[in-house]
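What follows is each chain in one-letter form.
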Amino acid sequence: MLWIALHLPLLSLESFAATVAGGADPRAAAAAPLALMDAQRIVSANAAAQALGIKAGLKRATALALVPQLVLGRADRTRDEQAFEPVAHAALAFTPSVSIQPGESAETAPNTVLLEVEASLRYFGGLPRLLQGLLSALQPLNHRIHCVSAPTPHGAALLARVHRRLACADLDATARALEAAPVWLLGPGQEHWDALQGMGLRTLGDLRSVPRAGLARRFGESLLNELDRALGLEPDPRVAIVLPPVFESRLELFARADTTEQVLHGASVLLARLVLWLAARQAFVRHFTLVMQHEARWRRSHDAPRSTALEIALAEPSRDSAHLLVLLRERLARLQLPAPTIDLCLRADDISQRTVPNQDLFPTSRSEREGLVQLIERLQARLGPEQVQRLHPVDDHRPECGSRIEATNGEIPLRSGLARPSPVPRPALRLKRLKPGIAPSSAKRAAVVASPTRPRRPTPRPVWLLPQPEPLPEHHSRPLLGGEPLQLLSGPERIEAGWWDTALAERDYFIAQAADGALVWIYRARLPLSAVEGEQGWFMQGRFG
Amino acid sequence: MDAAITTLPDPVPTERPLHSPQALHPALWFGHQLGRSAEQAVPTGFAALDQQLPGGGWPRRVLSELLLPHPGVGEIRLLSACLVATQRAGRLVMLFDPPAALSAWALADLGFDVEQLLIVNTRARVVPGSDSLWALEQSLKSGHVGAVLAWLPPRLRAERLRRLQLAAHAHDGPAFVLRELAAAERPTATPLRLALKPRGADVLEVRILKRRGPPLEVALRLALPPVLSRVAAQRAHAGVVRQPALRPATFVDLAPSVVE
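Residues numbered from 1 in each chain as written. Chains lettered and ligands numbered in written order. Predicted model: local features only at pLDDT ≥ 70, side-chain atom pairs only at ≥ 80, totals over all residues.

**Looking at the nonpolar core**
- Membership of the largest hydrophobic core comes to 99 residues, with the highest contact counts inside it found for Val520 and Ile522 of chain A together with Met94, Leu107, Val148, Ala150 and Leu196 of chain B.
- Ignoring anything within four residues of it in the chain, the contact list for Leu196 of chain B reads Leu66, Leu67, Leu68, Val73, Glu75, Leu78, Leu204 and Val206 of chain B.
- In this structure, Ala35, Met37, Leu271 and Leu278 of chain A belong to the second largest nonpolar core, which totals 92 residues. (Core = buried A, V, L, I, M, F, W, Y, C linked by C-beta atoms within 7 Å. Buried ≥ 20, exposed ≤ 12 C-beta atoms within 10 Å, placed from the backbone. Contact = placed C-beta atoms within 7 Å.)

**Describing the confidence of the model for chain A**
- Confidence in the prediction of chain A, expressed as mean pLDDT, is 80, and 85% of residues score 70 or more.
- Here residues 416–455 of chain A scores under 50 on pLDDT; set against residues more than four positions off or in separate chains, the count is 39 contacts. (pLDDT = per-residue confidence, 0-100.)

**With respect to the sheet that holds strand 10 (residues 283–294) of chain A**
Residues and elements named next belong to chain A.
- Pairing within the open sheet is antiparallel, and its four strands lie in the order 9-12-10-11. Edge positions in the open sheet fall to strand 9 (248–257) and strand 11 (307–318), since each of these has one partner strand only. Strand-to-strand twist of the sheet, defined as the mean angle between neighbouring strand axes without regard to direction, takes the value 20°.
- Sheet analysis places strand 10 next to strand 11, joined by eight bridges and oriented antiparallel. For Gln293, the partnering residue across the bridge sits in strand 11 and is Ser307.
- Of the strands in this sheet, strand 9, strand 10 and strand 12 (341–353) touch helix 14 (residues 260–281), which is tilted by about 30° from strand 12. (Pairing = 2+ DSSP bridges. Helix = DSSP H or I, 4+ residues; strand = E, 2+ residues; numbered from the N terminus. Axes fitted to C-alpha atoms, helices over the stretch in contact; angles between N-to-C directions.)

**With respect to the sheet that holds strand 5 (residues 98–101) of chain A**
All names here are of chain A.
- The five strands lie next to each other as 5-6-1-7-8, forming an open sheet whose pairing is mixed. Since the sheet does not close on itself, it has two edges, and those belong to strand 5 and strand 8 (165–167), each with one partner. Averaged over all adjacent pairs, the angle separating strand axes in this sheet is 20°, with direction ignored.
- As judged from the five bridges shared by strand 1 (residues 3–7) and strand 6 (residues 112–116), these two strands associate in the antiparallel manner. Paired with Leu6 across the bridge in strand 6 is Val113.
- The strands touched by helix 8 (residues 153–160) are strand 1, strand 5, strand 6, strand 7 (146–150) and strand 8; relative to strand 7, the strand with the most contacts, the crossing angle is about 150°.

**Some thoughts on the packing of helix 16 (residues 365–383) of chain A against helix 4 (residues 134–142) of chain B**
- Running from N to C, helix 16 of chain A and helix 4 of chain B point in directions that differ by 170°, and their axes come no closer than 10 Å. With respect to helix 4 of chain B, the element helix 16 of chain A is oriented roughly antiparallel. Contacts between helix 16 of chain A and helix 4 of chain B involve Gly371, Leu375, Arg378, Leu379, Arg382 and Leu383 of chain A from the first element and Trp134, Ala135, Gln138, Ser139 and Ser142 of chain B from the second.
- Considering only residue class, the contact of helix 16 of chain A with helix 4 of chain B consists of five nonpolar, four polar and two charged. (Parallel < 35°, antiparallel > 145°, perpendicular 65-115°, else oblique. Nonpolar A, V, L, I, M, F, W, Y, C, P; charged D, E, K, R; others polar.)

**Description of the confidence of the model for chain B**
All names here are of chain B.
- Across chain B, pLDDT averages 80, with 80% of residues at or above 70.
- Note on residues 244–253: pLDDT is under 50 here. Beyond four places in sequence and across chains, it has 14 contacts.
- The low-confidence segment residues 255–260 (pLDDT under 50) makes nine contacts with residues lying over four places distant or belonging to another chain.
- In the predicted complex, the global pTM is 0.68; the interface-specific ipTM is 0.79.

**Remarks on helix 1 (residues 11–19) of chain A**
Residues and elements named next belong to chain A.
- Within helix 1, eight of the nine residues are buried, leaving the element largely enclosed by the surrounding structure.
- Taken as a whole, helix 1 has its buried residues at Leu11, Ser12, Leu13, Ser15, Phe16, Ala17, Ala18 and Thr19.
- Against the buried residues of helix 1 lie strand 2 (34–38), strand 3 (41–45), strand 4 (71–73), helix 5 (77–92), strand 9 and helix 14.

Here it is, written out as structure tokens:
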């Protein structure tokens, strides 16, 4: 059995720091002096505050006199537990047997997680690489972490509280390391600390050297039992934790977040927790929701909602925290907060179990596809999903109805290069000759198809269609464009369609050449006697691009 | 002290000048030669144009700037060979801010697989704190897009274009930016700049305003994939102005069969 203990000595302070919005820059957040206090005295302070002279034991007034911009908070057991949970989730990605060491006293939240990794060593390539992977997985949470491995769970947990990094290979090494450890590590030892110090017992080694019977009579059996468990002399069964089946994590912000950037800071903490939970579940998220609770008093109007839910759906399930954060940032930047936000909640609504994709050394079509999916999601997040479009041909003779524009559904419109289908066939009936008697012979038609210099279809269509047909002035019954007469080159092609809906089109189309040589597509409405004014005469509908 | 001052020997002349320094590295070329690059260019589909472009085609990883008087001079037909080849290679073609609605059938006629095109409208809504070129820059930077065709807003500042040009270094494929003709008077960061002008039916005049190589004085005339039938093209060439029928009931048929 090999146990790893991960101990978070500054958990309360760090969980408090996560709720303080430091703006967009995480380094600015780290630079703000923070301290926790209890009963009007400073309990702990972060590095920035310590550099300014704040230390444990100072009175509140003294600390504020030293550093007026000091942000003071209180340790909160619920908040600590919420911050500690993702550490246990991260551990579950490495081994199924993870247990949580109870807190040092009844009031404090647990801050040590224990992993039994003997069975995982070979898969992860040995203890050093496993530890490296574990610590880099925990990196986004921004915790200071003590990491100790030992053959007994309790021994590892005790040693993690005094050593930052330590590896004890066997029981002897554990015993040696424990003998040098201070005696206050033992839970019941704390209350007898003064008496033990008076007896000259400072280390656990001193405690072992005195007779057991006397110690047991003075301080109770539990003190010695705990030491025995740490040394591996007594059995120490542990209960493995189970990953919650749904992810929902809350973060109460220390100060009101007025801007979406401040919300983003808190949301990034929640996203890091989500990614760790997904990694432990071997899953990818497809849809998640960020719920922002607003402060009721500061709402701009009474009918403003109490909370705003921001739903983010992904085309391709992902657990790439950088990508998720970019999507969230773009969506938040578009959002107008109705009131300051005080509380955040992140929920994973839809996850999918998939195998982890392999990493590619060289770019492949699959990696390109994934990159494109992420690119399109990023564009849609900023511009709006309806602005990234695809074109679909529609079987309709009227040119304005011949194409349909649809927002892309996130699926990449890429087929493999080889399996490219032939161009979509046009509807069979597109051309109505005015004089059916002189229709081109079939031989000529074949020549049209065979010749590569000829257009492939007898009735070419312009690439550019004007949003509204542009009425053209007329001079001696010749249409003018820009004051110059148009030269009709080909036509007429009659399009008569749409009697089934309101947009009836009865037009004769011509290809004409403008004065500068460009080809345009113009038509004349075929019903000059139609009652509708403004639908007669010549119109330009397209340009041959 | 005098001993320290000695006349320096004349520099030993090189045995003979390098006959072909351009053989040393693909990025070296003579002033009278066309520029080359290590990247394989994409053929344009027009032999006359390929001959005049450095590398023998549309360059990759840089922007190619096309200046047009107005949309609809034949620009899509000019680029269709390159874009269709990109699509057939299984890569994505993205269009940014097309100036008018695109006809799916016309694109299919040119050989495009219409449903594989991706159209991005960046100017439909003003996003605070960002500009309309953000999407284009992201797409170029991602390096996953096969070809990019973008209609830039008028009077674009030079540094914005330079920024796009830097982003295009990551883009493995041709990237075309289409701008108004008036931009020709201002300098550009793009290494290739062409001015397009219609010159008769189905004929496009291409002037190369800037390239890596000597300036090209004469304009190229390219025969585009024709829209007109042969007869109609002859008619356009002859400059015969046909009078359309005065009344709709008495249409003169201009179909080729009648004229022949």
